[in-house]
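Coordinate inspection notes
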Amino acid sequence: MKKSKVIIRKCEDYSVPAVEGLIREGMEELGERPEGKILIKPNVVCATNFMNSAHTDSRVVEAMVSVLRKRAPHAGITIGESGGMAIPTRLFFHHAGYTEMAKRIRVPLKDFNEERQVKVRLSRAKWHKTMFAAKSLYEANYKIWMPKLKFHNGCQITNAVK
């Protein structure tokens with residue numbers, strides 16, 4: 001089994017160039033070479049006027065897209081998420097600034113709950129032999145989860161370790 005590595009860096013400036021530098025250094029240190037269809041999955045559930053910091057900052061995701069475009073210029077990049085609390089993801093995207101950001105940097109946003117689902121066979125499953133997954137999630141060659149360390153109303157904390 002490949003040994004895992006965790007990198008922790010201090011970031012006092014959430015500007016896109018500052019975050020981009022940290023992401024680039026981390027990817028180089030890890031030896032990551034993304035290619036193909038790349039899916040970025042931030043955490044935007046709870047992005048509302050009442051909880052304006054409970055989501056992955058759009059500048060962090062924009063910095064990731066910038067790094068990916070330099071490291072994998074021919075890759076297709078998509079940002080996807082599934083909403084919660086019976087609120088459509090597009091509203092969370094809007095409140096978190098993703099809709100505007102995605103238009104500006106020309107990256108599609110996908111709501112996993114609204115896009116076509118693909119039936120996936122689970123070869124090692126004991127109980128359920130198939131499941132449905134969002135098409136963009138299923139088709140991605142390289143997946144990047146960008147969670148937010150925060151409070152969660154269903155538990156005490158959500159962890160950035162995924």
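Digging into helix α4 (residues 98-105)
Regarding α4, the residues found buried are Tyr98, Met101, Ala102 and Ile105. Down the axis of α4, the sector holding all buried residues measures 95°, keeping them to one side. Residues of α4 that are exposed and angled more than 90 degrees away from the buried face: Glu100 and Lys103. Those residues of α4 that are buried are in contact with β1 (37-42), α2 (58-71), β2 (76-81), α3 (89-95) and β3 (109-111). Immediately beyond the C-terminal end of α4, within one or two residues, lies Arg106, with a positive phi of roughly 55°.

A few points about the pattern of salt bridges
Under the criterion given, the structure shown has 11 salt bridges. The residue Glu81 makes a salt bridge to Lys41 at a minimum N-O spacing of 2.7 Å. In this pair, Glu81 sits in strand β2 while Lys41 sits in strand β1, placing the two residues 40 residues apart along the sequence. We note that Glu81, like Lys41, is buried. Between Glu114 and Arg90 there is a salt bridge, with the nearest N and O atoms lying 2.3 Å from each other. Remark: Arg90 occurs in helix α3 and Glu114 occurs in the loop between β3 and β4 (117-121); sequence separation between them is 24 residues.

Observations regarding the packing of aromatic side chains
Applying the stated criterion to the full structure yields 1 aromatic pair. Ring centres of Phe93 and Tyr98 lie 5.8 Å apart, and the angle between their planes is 35°; this geometry places the pair in the tilted category. Among the residues examined, Phe93 registers a relative accessible area of 3% and is labelled buried.

Comments concerning helix α1 (residues 16-30)
With 15 residues, α1 extends 21 Å from end C-alpha to end C-alpha; this agrees with the ideal 21 Å at 1.5 Å per step. Those residues of α1 not exposed but buried are Val16, Val19, Glu20, Gly21, Ile23, Gly26 and Met27. On its buried side, α1 packs onto α2 and β6 (142-146).

Conventions we followed
- Residues numbered from 1 in each chain as written.
- Predicted model: local features only at pLDDT ≥ 70, side-chain atom pairs only at ≥ 80, totals over all residues.
- Heavy atoms only, no water.
- Buried < 20%, exposed > 50% of the residue type's maximum accessible area, 1.4 Å probe, protein only.
- Helix = DSSP H or I, 4+ residues; strand = E, 2+ residues; numbered from the N terminus.
- Arc of directions from axis to C-beta.
- Contact = heavy atoms within 4.5 Å.
- Salt bridge = Lys/Arg side-chain N within 4 Å of Asp/Glu carboxyl O.
- Phe/Tyr/Trp six-rings, centres within 6.5 Å; stacked < 30°, edge-to-face > 60°.
- Expected span 1.5 Å × (residues − 1).

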